[in-house]
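Listed here are the chains, written in short residue letters.
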Amino acid sequence: MEETLQGLQIGIDNMWLLIAGFLVMFMQPGFAMVEAGFTRSKNTANMLMKNLMDFAIGSLLYWIIGFTIMYGDSIGGFIGMPDLFFMSDGYGDNYSDYADLFFQTVFCATAATIVSGAMAERTNFSAYFIFTIVFSVVIYPISGHWTWGGGWLSEMGFHDFAGSSIVHSVGAWVGLAGAWIIGPRIGKYGKDGKPRAIPGHNLLLGALGVFILWFGWFGFNPGSQLAAAGTDNAVAIGHIAVTTNLAAAAGAVTAMIVAWIRYKRPTLSISLNGALAGLVAITAGCDAVDPMGAVAIGILAGFILPFAVELFDKILKIDDPVGAVSVHGISGAFGTLAVGLFSTSEGLFYGHGAKLLGIQAVGVLAFFAWAFGTGLILFFILKKAKVLRVSKTIEEEGLDVYEHGESAYN
């Protein structure tokens, strides 16, 4: 009887992890639709191809070596011991090994695809191919080891339950480096230096993509509980689902209100990104905050978002066609810090002092320094090698035909 119950528990836990992984994998077409919809029709096939390939290439490389760099035996708290194909340690003997590998693989793909949006409409496909390799093998697994792999940040007590910083900010900070190095799209800024709007071609695609991402996030956050059997896990999963949904809803409504007041219209694109900002922000502390705290985090994330977009667009003059850095970088950093404020067990606003807030700040700075720094090095090398950006003719006429020999619309 005891053996049967244990087997049932193992089966429930493993299936929950796989189903959650399937939901996160479904976020990939969500990202593809958002990025395609928020950019011009002449580059749609290129955006779809990048989203396809960062998942496919990332899956192979993360299986070959990335996973063990992230989760292998720690070397000084900085990097895991690499182990090609996991063969030497008999990987796969444990019932959860393959489920863990799949679940973490789709997280790696999520982080990588953020960069394609930040650098959209002017990046050479071969350069993006190289980036995907470096990101999946080096950038993401090493910084991931610092936390989920048992590295130095986890030893400090850093809390990022499902990856506001580990996944979203890391992808965004690399994208920020890339967008800065590659420069703005042709026609984005006038001779007076003022930004010009370059509207996306299909808000229907963008909206559908956001709804898919919102749905997939219920695998991203509740799935990070990593188990479902037993009362404690069941309660935790329900709690995380509620905090995740409330933050997204609050982010969308707040961003809409800010846009309505600031731009005199309830703008759909800003409202959609507001929902994503709320989702990204709650990801770090979805397990640690109560519903009221989740709403507060969502409101603040939705409020910050439009101003973050203006900061990059108008002041820093960094051309981010889909707002990826604002949504994933700024919101991810804010959400990570917010754990130190709103955590019911350790947060400043709940009478537990500022210790956790300080630890969270160290983590935010560490992820920024690592991801932005490695991104700068990578894209600077690619720029010097003259492979980073497409030619003026290709950019003006569209990457679809020149890069891929086909168009998304015929």
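Structure's up top.
Small disclaimer: the values here were computed from a predicted structure and weren't measured.

Trainee: How would you explain the overall build of the chain if you had to name every residue and give the values?
Mentor: Scanning the chain from terminus to terminus reveals 14 helices and two strands. For 410 residues, the compact-globule estimate of 2.2 N^0.38 gives 22 Å, and the C-alpha radius of gyration of the chain, at 21 Å, lies within 12% of that figure. Taken along its principal axes, the extent of the C-alpha atoms in the chain is 70 × 50 × 40 Å. Looking at the chain alone, contacts between residues at least 24 apart form 77% of all its contacts between residues at least 6 apart. Charge centroids of the chain, computed over 20 positive and 29 negative side chains, lie 25 Å from each other.

Trainee: Outline unusual backbone geometry, supporting the account with residue identities and numerical values.
Mentor: For Glu121, which is not glycine, the phi torsion reads 75 degrees and is therefore positive. Along the polypeptide, Glu121 turns up in the loop between helix H3 (97–118) and helix H4 (125–145). For Lys317, which is not glycine, the phi dihedral falls at a positive 55 degrees. Tracing the sequence through the fold places Lys317 in the loop between helix H10 (291–315) and helix H11 (324–342). Judged by relative accessible area, which is 36%, Lys317 ranks as partly exposed.

Trainee: Hey, could you go over the packing of helix H1 (residues 2–37) against helix H2 (residues 44–71) for me, with residue numbers and the actual values?
Mentor: Each pair of packed helices can be described by the angle between their axes along with the distance between the axes. Orientation of H1 relative to H2, taken along the N-to-C sense of each, is 155 degrees, at an axis distance of 9 Å. With respect to each other, H1 and H2 are oriented roughly antiparallel. For the pair H1 and H2, the crossing hand works out as right-handed. Along the contact surface, H1 presents Met25, Gln28, Phe31, Ala32, Glu35 and Ala36, while H2 presents Thr44, Met47, Leu48, Asn51, Asp54 and Phe55. Of the residues in the contact of H1 with H2, the class split is seven nonpolar, three polar and two charged.

Trainee: Give a detailed account of the environment of Ala281, specifying residues and quantitative values.
Mentor: By secondary structure assignment, the location of Ala281 is in helix H9 (residues 268–282). Spatially, the C-alpha atoms of Ala281 and Met119 are 22 Å apart, while their sequence positions differ by 162 residues. Ala281 has contacts with Ser164, Ile297, Ala301, Ser331, Phe334 and Gly335, leaving out every residue within four places of it along the chain.

Trainee: Explain a nonpolar patch on the surface to me, using residue names and the numbers behind them.
Mentor: Taken together, the side chains of Met1, Leu5, Leu8 and Ile12 make up a nonpolar region of the molecular surface, amounting to roughly 440 Å² of accessible area. Considering the arrangement of structural elements, one finds Leu5 in helix H1.

Trainee: An account of H9 is needed here, citing residue identities and associated values.
Mentor: Count 3.6 residues to each turn of an α-helix, and residues three or four apart come out pointing the same way. Over its 15 residues, H9 extends 22 Å from the first C-alpha to the last, a length consistent with the 21 Å expected when each residue adds 1.5 Å. Burial analysis of H9 places 13 of its 15 residues in the buried class, which makes it a mostly covered element.

Trainee: Quick one: what's the story with the pattern of salt bridges, residue by residue and with numbers?
Mentor: Throughout the structure, instances matching the rule amount to six salt bridges. The residue Arg389 makes a salt bridge to Glu395 at a minimum N-O spacing of 2.9 Å. You can call Arg389 partly exposed: its relative accessible area is 28%.

Trainee: Please give an account of the packing of helix H7 (residues 203–220) against helix H8 (residues 231–263) that cites residues and values.
Mentor: As a packed pair, H7 and H8 sit with axes 9 Å apart at the nearest point and diverge in direction by 150 degrees. Relative to H8, the element H7 is oriented roughly antiparallel. For the crossing formed where H7 meets H8, the hand is right-handed. Residues Trp214, Trp217 and Phe218 of H7 lie in contact with H8, whose contacting residues are Ala241, Thr244, Asn245, Ala248 and Ala249.

Trainee: Any details on the nonpolar core? Residues and values, ideally.
Mentor: In terms of nonpolar packing, the biggest core is built from 98 residues, with Phe135, Tyr140 and Phe379 touching the most fellow members. If you tally residues by element for this core, the top one is H3, at 12 residues.

Trainee: Requested: an account of the packing of aromatic side chains, with residues and values cited.
Mentor: Applying the stated criterion to the full structure yields 24 aromatic pairs. Taking the centre distance of 6.4 Å and the plane angle of 50 degrees together, the rings of Tyr62 and Tyr140 count as tilted. Within this pair, whereas Tyr62 is found in helix H2, its partner Tyr140 is found in helix H4, the two being separated by 78 residues in sequence. Taken as a pair, Tyr62 and Tyr140 share a single burial class, namely buried. Here the aromatic residues Tyr62, Phe67, Tyr71, Tyr128, Phe131, Phe135, Tyr140 and Phe379 are joined through ring pairs into a cluster of three or more. When the ring centre of Tyr128 is taken as reference, the NZ or CZ atom of Lys50 above it lies at 5.6 Å.

Trainee: A description of the environment of Phe129 should follow, citing residues and the corresponding values.
Mentor: Structurally, Phe129 can be placed in helix H4. On the accessibility criterion, Phe129 (36% relative accessible area) is partly exposed. Taking C-alpha positions, Phe129 is 7.7 Å from Met53, a pair spaced 76 residues apart along the chain.

Trainee: Lay out the environment of Ala288 with the relevant residues and their values.
Mentor: Tracing the backbone shows Ala288 in the loop between H9 and H10. Look at Ala288 and you get buried, because its relative accessible area is 10%. Residue contacts for Ala288: discarding those within four places in its chain leaves His159, Phe342, Ser343 and Thr344.

Analysis parameters
Throughout, residues of each chain are indexed from 1 in the direction in which the sequence is written. A pLDDT threshold of at least 70 governs which residues receive local features in this predicted model, and a stricter bar of 80 or more applies before side-chain atom pairs are shown or counted, although totals over entire chains, interfaces and linings include all residues. In computing side-chain properties, one takes all heavy atoms of the structure into account and sets aside hydrogens as well as water. Numbering goes from the N terminus for both helices and strands, where a helix is a DSSP run of H or I of at least four residues and a strand is a run of E of at least two. We compute the radius of gyration over the C-alpha atoms and compare it with the globule rule, which gives 2.2 Å times the number of residues raised to the power 0.38. Throughout, a contact is declared for two residues whenever any of their heavy atoms are within 4.5 Å. The charged-residue count follows a simple rule in which Lys and Arg add positive charge and Asp and Glu add negative charge, with His and chain termini not counted at all. Where a charge sits is defined by one atom per residue type, namely NZ (Lys), CZ (Arg), CG (Asp) or CD (Glu). Partly exposed residues are those whose accessible area sits between 20% and 50% of the maximum for their type, while under 20% is buried and over 50% is exposed, using a 1.4 Å probe and protein chains only. Here, axes are lines fitted to C-alpha atoms. For helices the fit covers the stretch in contact, and angles between N-to-C directions go from 0 to 180 degrees. In these notes the angle categories are as follows: under 35 degrees is roughly parallel, over 145 is roughly antiparallel, 65 to 115 is roughly perpendicular, and the rest is oblique. Crossing handedness is read from the near helix: turned anticlockwise from the far helix by less than a right angle, it gives a left-handed crossing, and turned clockwise, a right-handed one. We call Asp, Glu, Lys and Arg charged. Ala, Val, Leu, Ile, Met, Phe, Trp, Tyr, Cys and Pro are nonpolar, and the rest, Gly among them, are polar. Any residue with relative accessible area above 30% and no salt bridge may belong to a patch, with like charges joined within 9 Å and the nonpolar Val, Leu, Ile, Met, Phe, Trp and Tyr side chains within 5 Å. Methods summary: accessible areas were calculated by the Shrake-Rupley approach with a probe of 1.4 Å, and residue burial reflects only the protein chains presented. Every case where a carboxyl oxygen of Asp or Glu lies within 4 Å of a side-chain nitrogen of Lys or Arg is listed as a salt bridge. Helix span is expected to be 1.5 Å times the residue number reduced by one. Throughout, nonpolar core names a set of buried Ala, Val, Leu, Ile, Met, Phe, Trp, Tyr and Cys residues whose side chains join them through atoms within 4.5 Å. Aromatic rings from Phe, Tyr and Trp, with only the six-membered ring used for Trp, were paired whenever their centres fell within 6.5 Å, and each pair was classed as stacked if the ring planes differed by under 30 degrees, edge-to-face if by over 60, and tilted otherwise. Criterion for a charge above a ring: Lys NZ or Arg CZ within 6 Å of the ring centre, and within 35 degrees of the ring normal.

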